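Coordinates in review
Chain by chain, the residues run as shown.
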Amino acid sequence: MSDEKPTRRDILRPLHLLGIALGCGVFAMVVTLVSTGAFTARVNTAIANGTYEGLTPVALGLVVGGGAFIVTLLILAMLILAVDPADVTKTVDRPVLYDPESEDEGPASS
């Protein structure tokens, strides 16, 4: 492991958060396309003949993927608001949700 400890600012970069949200949106779109049968010959011939009723699987996949992208981005933004601005420049050298250890207690005393 490297000796450099990242700060919270390094961990919570906006481009990384957009990438996470984009990945969730693409995953939701692919799952929707597979589950609606967008890659089957029966669905594709029904769309080509004009007999397919309702929203096409590709359009439904885009709607679901876009919704998942927006919801994920909103949730991540709300979670970032929970971070104290004073803690942004501190280095992260232990898990975030652990209780703080006092100086006289060692790691073995539980």
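Residues numbered from 1 in each chain as written. Predicted model: local features only at pLDDT ≥ 70, side-chain atom pairs only at ≥ 80, totals over all residues. Heavy atoms only, no water.

Regarding the overall build of the protein
Regarding its fold elements, the protein presents four helices and zero strands. When the helices and strands of the protein are placed in sequence order, the string is α-α-α-α. Looking at the protein as a whole, 17% of its 110 residues qualify as buried. Sequence-distant contacts, at least 24 apart, represent 79% of the contacts inside the protein between residues at least 6 apart. For the protein, the exposed surface amounts to about 8,700 Å²; the carbon and sulfur share of it is 66%. (Helix = DSSP H or I, 4+ residues; strand = E, 2+ residues; numbered from the N terminus. Buried < 20%, exposed > 50% of the residue type's maximum accessible area, 1.4 Å probe, protein only. Contact = heavy atoms within 4.5 Å. Areas by Shrake-Rupley, 256 points an atom, 1.4 Å probe, with all protein chains shown as cover.)

Overview of helix α4 (residues 57-80)
In this model α4 runs 34 Å from its N-terminal to its C-terminal C-alpha over 24 residues, within 8% of the 34 Å that 1.5 Å per residue would give. Turning to α4, its buried residues number three or more, namely Pro57, Gly61, Gly65, Ala68, Thr72 and Leu76. Elements that come into contact with the buried residues of α4 comprise α2 (14-36) and α3 (41-49). (Expected span 1.5 Å × (residues − 1).)

Observations regarding the packing of α2 against α4
At a minimum axis distance of 7 Å, the contact between α2 and α4 shows a crossing angle of 150°. Between α2 and α4, the crossing angle belongs to the class labelled roughly antiparallel. Once α2 is placed against α4, the crossing between them reads as right-handed. Among the residues forming the contact of α2 with α4, the class breakdown is 19 nonpolar, six polar and no charged. (Axes fitted to C-alpha atoms, helices over the stretch in contact; angles between N-to-C directions. Parallel < 35°, antiparallel > 145°, perpendicular 65-115°, else oblique. Left-handed = near helix turned anticlockwise from the far one by under 90°. Nonpolar A, V, L, I, M, F, W, Y, C, P; charged D, E, K, R; others polar.)

Some words on the side chain of threonine 32
Tracing the backbone shows threonine 32 in helix α2. Threonine 32 gets classed as buried once you look at its relative accessible area, which sits at 11%. Beyond its immediate stretch of four places on either side in the chain, threonine 32 contacts Leu60, Gly61 and Val64.

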